[in-house]
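# Report on the structure
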Amino acid sequence: MINMQVPVNAPVVTPAAKKYVADAMETGWVSSAGPYIGKFEKAFADYIGVRHAVSVTSGTAALHTALLGLGIGRGDEVIVPDFTMIASVFAVIYTGATPVFVDAEADTYNMDVSLIEKKITKKTRAIMPVHIYGHSVDMDPLLAIAKQHDLKIIEDAAEAHGALYKSAKCGSIGDVGCFSFYGNKIITTGEGGMIVTNDDRIAQKARALKDLAHLPDRRFWHEEIGYNYRMTNLQAACGLGQLESIEEFLAHKRWMTAEYRKRLEKIKGLRLPITKDYAKNVYWMYSVLVTDDFPLSRDGLRAALKNQGVDTRDFFHSSARQPVIQKLYGVKERFPVSEHIAEHGLYLPSGLALTQEQLDYVCDAILSASRS
Ligand SMILES: *Cc1c(COP(=O)(O)O)cnc(C)c1O
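Everything in this summary refers to the structure shown in the same document. (Residues numbered from 1 in each chain as written. Predicted model: local features only at pLDDT ≥ 70, side-chain atom pairs only at ≥ 80, totals over all residues. Heavy atoms only, no water.)

### Quick word on the layout of surface pockets
In this structure, the largest pocket encloses a volume near 430 Å³. Forming the walls of the largest pocket are 28 residues, and the residues nearest its centre are Met85, Tyr182, Asn184, Lys185 and Trp284. Partitioned by chemical class, the residues of the lining of the largest pocket number 13 nonpolar, nine polar and six charged. Counting contributing residues, the lining of the largest pocket receives three or more from each of domain 1 (15-243) and domain 2 (246-370). In this model, the second largest pocket occupies a volume close to 320 Å³. In terms of lining residues, the second largest pocket is bounded by 14 residues, among which Gln204, Ala208, His214, Leu215 and Pro216 are the most central. If you tally residues by element for the lining of the second largest pocket, the top one is helix H6 (residues 200-209), at six residues. (1 Å grid on protein atoms, 1.4 Å probe; cavity = no way out; pocket = protein on both sides within 12 Å on 5 of 7 lines; lining within 4 Å. Points joined across faces, edges and corners; volume = space filled by probe spheres on them. Nonpolar A, V, L, I, M, F, W, Y, C, P; charged D, E, K, R; others polar. Domains from an automatic or database assignment. Helix = DSSP H or I, 4+ residues; strand = E, 2+ residues; numbered from the N terminus.)

Here you go:
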């Protein structure tokens, strides 16, 4: 077997993205004014099926701004999954609110909705479902809990562009939804993010907050603290071009998933990703759980693949076990499912530029590790 280098992710920059970015450059609209910002926001809102989309500098900034737009701050509690990318948790902390963790489901890796209710206190203001690796959280029971306890819902859809819960796009279901356009996400602007909502007031608030909170009718006059979270016209140009190809990107993820499944399902000791009836999974990353029936540990498999030039990534860590969270809150509770998957999971090369040859090579490398 010839040795290949397979990156865990390589993005695709479409011809349309290149064309629009060149146009933005040539016209001199390089900063946060210019026609592509409005165009990208409009196209993204239409794609998700919401009234408003507000562009920002990152998914983290989107979450922060969305939480502030809901009026969440000091003294409040926000329920978040223990198993998530840490930005979900940090965004809550930026506002002065306290994150309250719930454990994961063993099959989807999403927050276990049945564990939410016992976490609700007088201080709880919101729930943040995170659609992990492109699989929707079970939203109907979560919406029912939110309604009953008068809580807001902020969807972290940073990994779920185009994913569905039943017939609704992820990000369009809660009070507000947040997306990331980091280089490994389904749509990229290099760095970037978007807040989506049907609520006029949240959208208006988010627009003010991302631009230093100038009063609308009195520039350079401020009644509250704002941020500079403005996306540039260059980034928006890239995003608009990318968005035109989203159906192809999602088809690529489906192809990748079918191929990996076909090649890996017979290997004993690997748990492959699943899709619940209520979800249309976009398989942002092809996640694999290495169980005790596999001859190597997760770390052993990662090392064996690395040795063959195949780059993988471990799953996220349990948020509550992170040193910074321990230092701030000293969380005593353990989250057994989250901790288990964090130790046993990795994801395989899943980028939009992944070729058949690379995928075959990755599967051969896993097969040979499974015989070690
Ligand atoms: C990527 C990601 C974010 C953060 O987005 P950035 O654009 O990198 O700031 C937040 N939440 C989840 C679940 C993510 O995967």
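Continuing now.
### Considerations on the site of the ligand
Near the ligand lie 13 residues; those nearest to it are Thr60, Asp156, Glu159, Ser180 and Lys185. At a separation of 2.5 Å, an oxygen atom of the ligand approaches a polar side-chain atom of glutamate 159. Note that an oxygen atom of the ligand is positioned 2.6 Å from one of the side-chain N or O atoms of serine 180. Protein chains shield 93% of the accessible area of the ligand, which is 380 Å² for the free molecule. Taking a 2 Å distance to the grid points as the criterion, the majority of the atoms of the ligand fall inside the largest pocket. Going through the elements one at a time, helix H3 (59-69) and helix H4 (86-94) are the ones with two or more residues in the shell around the ligand. Its residues assigned to classes, the shell around the ligand shows four nonpolar, six polar and three charged. (Near = heavy atom within 4 Å. Polar contact = N/O pair within 3.5 Å; in protein donor to acceptor, adjacent residues only side chain to side chain. Areas by Shrake-Rupley, 256 points an atom, 1.4 Å probe, with all protein chains shown as cover. Sits in = over half its atoms within 2 Å of the grid points.)

### Some thoughts on the pairing of strand E1 (residues 52-56)
Looking along a regular strand, one sees side chains alternate from face to face of the sheet. With four of its five residues buried, E1 lies for the most part within the structure. Where E1 and strand E9 (residues 193-197) come together, five bridges link them in antiparallel fashion. What sits directly across from valine 56, in E9, is glycine 193. (Buried < 20%, exposed > 50% of the residue type's maximum accessible area, 1.4 Å probe, protein only. Pairing = 2+ DSSP bridges.)

### Quick look at the pairing of strand E2 (residues 77-81)
Of all five residues making up E2, five are buried, and the element is well covered by its neighbours. Covered by surrounding structure in E2 are Glu77, Ile79 and Pro81 together with Val78 and Val80, the residues of both alternating faces. In this structure, E2 lies alongside strand E3 (residues 98-102), joined through five bridges in parallel fashion. Within E3, the position partnered with valine 78 by the bridge is proline 99. In terms of handedness, the path from E2 via H4 over to E3 forms a crossover that is right-handed. As defined by bridge partners, E2 adjoins strand E4 (residues 124-127) across three bridges and the pair is classed as parallel. Looking at the pairing, glutamate 77 lines up with threonine 124 of E4. (Right-handed = clockwise from strand over helix to strand, strands pointing away.)

### Some thoughts on the nonpolar core
Phe40, Phe44, Val78, Phe83, Met128, Tyr133 and Ile154 are the most contacted members of the largest nonpolar core, which has 75 residues in total. Element by element, the count of residues in this core is highest for helix H2 (residues 35-48), at seven residues. Residues in contact with valine 78, not counting those within four places in the same chain, are Leu67, Ile72, Val92, Ala97, Thr98, Pro99, Val100, Ala126 and Met128. Residues Val6, Leu264, Val290 and Cys363 belong to the second largest nonpolar core, which totals 26 residues. (Core = buried A, V, L, I, M, F, W, Y, C linked by side-chain atoms within 4.5 Å. Contact = heavy atoms within 4.5 Å.)

### Some remarks on the sheet that holds E1
With mixed pairing, the seven strands of this open sheet are ordered in space as E1-E9-E8-E5-E4-E2-E3. Whereas interior strands pair on both sides, the edge strands pair on one side only; in this sheet they are E1 and E3. For this sheet the average axis-to-axis angle between neighbouring strands, irrespective of direction, equals 25 degrees. In the packing of H4 onto the sheet, contacts are made with E2, E3 and strand E5 (152-156), and the angle to E3 comes to roughly 150 degrees. Helix H5 (residues 139-149) contacts E4 and E5 of the sheet and is inclined by roughly 150 degrees relative to E5. (Axes fitted to C-alpha atoms, helices over the stretch in contact; angles between N-to-C directions.)

### What about H6?
Note: α-helices contain 3.6 residues per turn, so residues at a spacing of three or four share the same orientation. Buried residues of H6: Ile202, Ala203, Ala206 and Leu209, and no others. Buried residues of H6, seen end-on, are gathered within an arc of 130 degrees and therefore sit on one face of the element. With respect to the buried face of H6, the exposed residues turned more than 90 degrees away are Arg201 and Gln204. Those residues of H6 hidden inside the fold are in contact with E1, H3, strand E8 (176-180) and E9. Where H6 starts, the residue carrying a side-chain oxygen 2.8 Å from the main-chain nitrogen of arginine 201 turns out to be aspartate 199. (Arc of directions from axis to C-beta.)

### Observations regarding the pattern of salt bridges
In this structure the tally under the stated criterion is 20 salt bridges. As a salt-bridge pair, aspartate 76 and arginine 125 come within 3.0 Å of each other at their nearest N and O atoms. Of this pair, aspartate 76 sits in the loop between H3 and E2 while arginine 125 sits in strand E4, and the two are 49 residues apart along the sequence. The exposure class of aspartate 76 is buried, given its relative accessible area of 12%. With its nearest N and O atoms 3.6 Å apart, the salt bridge here joins arginine 298 to aspartate 314. Here aspartate 314 lies in strand E15 (residues 313-314) and arginine 298 lies in helix H9 (residues 298-307), a separation of 16 residues in the sequence. Here aspartate 314 falls in the partly exposed class, since its relative accessible area comes to 28%. (Salt bridge = Lys/Arg side-chain N within 4 Å of Asp/Glu carboxyl O.)

Spatial relationships are all this shows, so hold off on functional conclusions.
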